Amino acid sequence: NQYREFGEGSIFDVRETIQYQKELTRDRPLLAAGKKRFDHGYEEDIKDLYRGAIRQTDESICTIVELLAREGHLEDTVIVVFGDHGDHLGEENLWGHQFTVADEVIRVPLLIRDPSDHLASSRCEDVVQLHDLYCTVLSMLDESCPASHSYDLSRAKRDTAFAYYSIPESYLKR
């Protein structure tokens, strides 16, 4: 894998069978409870693959931006990039995005490139909910936003955000 630049080999090379991965998926609740641990070295393999996935995403976004620039459309294109959730990578023995609404899971990247300067160009730490993109993008297009709980980020700021987690029933049965 060209994006596997952190560490050696791949997760599939260092594990004897796919069965181990199936066991980890099945035993995720036990991992979260600290009653099971990964085999030695596996934690770093997962982190390496995660970093590789981020690098692959970055390169894909660069490819799209370069294409828009080459075709002369970059200056009239709004680009919005966001993550739907983060992941735990071993913090408090948690892996993935189950069993928690911790910052590692609910704080996600949000990048907006606005060539119209509707939004101020800056890096901010404001509280945002992803559904705020609805009114924000409509506003950038000079469209009105129907009544909703979405904020236009160019005009309003949140004091708080709502996070909700419901455990999958498959885990409750275990």
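Check the entry above for the structure.
Residues numbered from 1 in each chain as written. Predicted model: local features only at pLDDT ≥ 70, side-chain atom pairs only at ≥ 80, totals over all residues. Heavy atoms only, no water.

### Some remarks on the overall build of the protein chain
Here comes step 1: Counting its secondary structure elements, the protein chain contains 7 helices and 4 strands.
Here comes step 2: Taken over 174 residues, the protein chain has a buried fraction of 24%.
Here comes step 3: Within the protein chain, residue pairs in contact and separated by at least 24 positions form 56% of the contacts whose partners lie at least 6 positions apart.
Here comes step 4: Surface summary for the protein chain: the accessible area is close to 12,300 Å², and the carbon and sulfur share equals 51%. (Helix = DSSP H or I, 4+ residues; strand = E, 2+ residues; numbered from the N terminus. Buried < 20%, exposed > 50% of the residue type's maximum accessible area, 1.4 Å probe, protein only. Contact = heavy atoms within 4.5 Å. Areas by Shrake-Rupley, 256 points an atom, 1.4 Å probe, with all protein chains shown as cover.)

### Some details on helix α6 (residues 132-140)
Here comes step 1: For α6, the set of buried residues is Asp-132, Leu-133, Cys-135, Thr-136, Ser-139 and Met-140. On an axial view of α6, the arc spanned by its buried residues comes to 170°, and they lie on one face.
Here comes step 2: Check the buried side of α6 and you find it contacts β1 (79-82) and β4 (110-113).
Here comes step 3: Backbone geometry just after α6 places Asp-142 at a positive phi near 60°. (Arc of directions from axis to C-beta.)

### Overview of the state of the cysteines
Here comes step 1: As enumerated under the stated definition, the model contains 1 disulfide in all.
Here comes step 2: Two residues, Cys-135 and Cys-145, share a disulfide whose sulfurs are 1.7 Å apart. Here the S-S torsion is close to -50°, and the disulfide linking Cys-135 with Cys-145 is therefore left-handed. Here the residue Cys-135 occupies a position in helix α6, and Cys-145 occupies one in the loop between α6 and α7 (169-172), the gap between them amounting to 10 residues.
Here comes step 3: Classification of Cys-135 as buried rests on a relative accessible area of 6%. (Disulfide = S-S within 2.5 Å.)

### A word on the packing of aromatic side chains
Here comes step 1: Counted under the stated rule, the structure contains 0 aromatic pairs.
Here comes step 2: Lying across the ring of Tyr-151, Arg-158 places its NZ or CZ 4.0 Å from the centre. (Phe/Tyr/Trp six-rings, centres within 6.5 Å; stacked < 30°, edge-to-face > 60°. Lys NZ or Arg CZ within 6 Å of the ring centre and 35° of its normal.)

### Re the side chain of Ser-139
Here comes step 1: Relative to the helices and strands, Ser-139 resides in helix α6.
Here comes step 2: For Ser-139, the side chain forms a polar contact with the side chain of His-118, separated by 2.7 Å. (Polar contact = N/O pair within 3.5 Å; in protein donor to acceptor, adjacent residues only side chain to side chain.)

### Overview of the side chain of Arg-158
Here comes step 1: Locating Arg-158 in the fold gives a position in the loop between α6 and α7.
Here comes step 2: A distance of 2.7 Å separates the side chain of Arg-158 from the side chain of Asp-132, its partner in a polar contact.
Here comes step 3: A polar contact is formed between the side chain of Arg-158 and the backbone oxygen of His-149, at a distance of 2.9 Å.
Here comes step 4: Leaving out residues up to four positions away in the same chain, Arg-158 has contacts with Val-127, Val-128, Gln-129, His-131, Asp-132, His-149 and Tyr-151.

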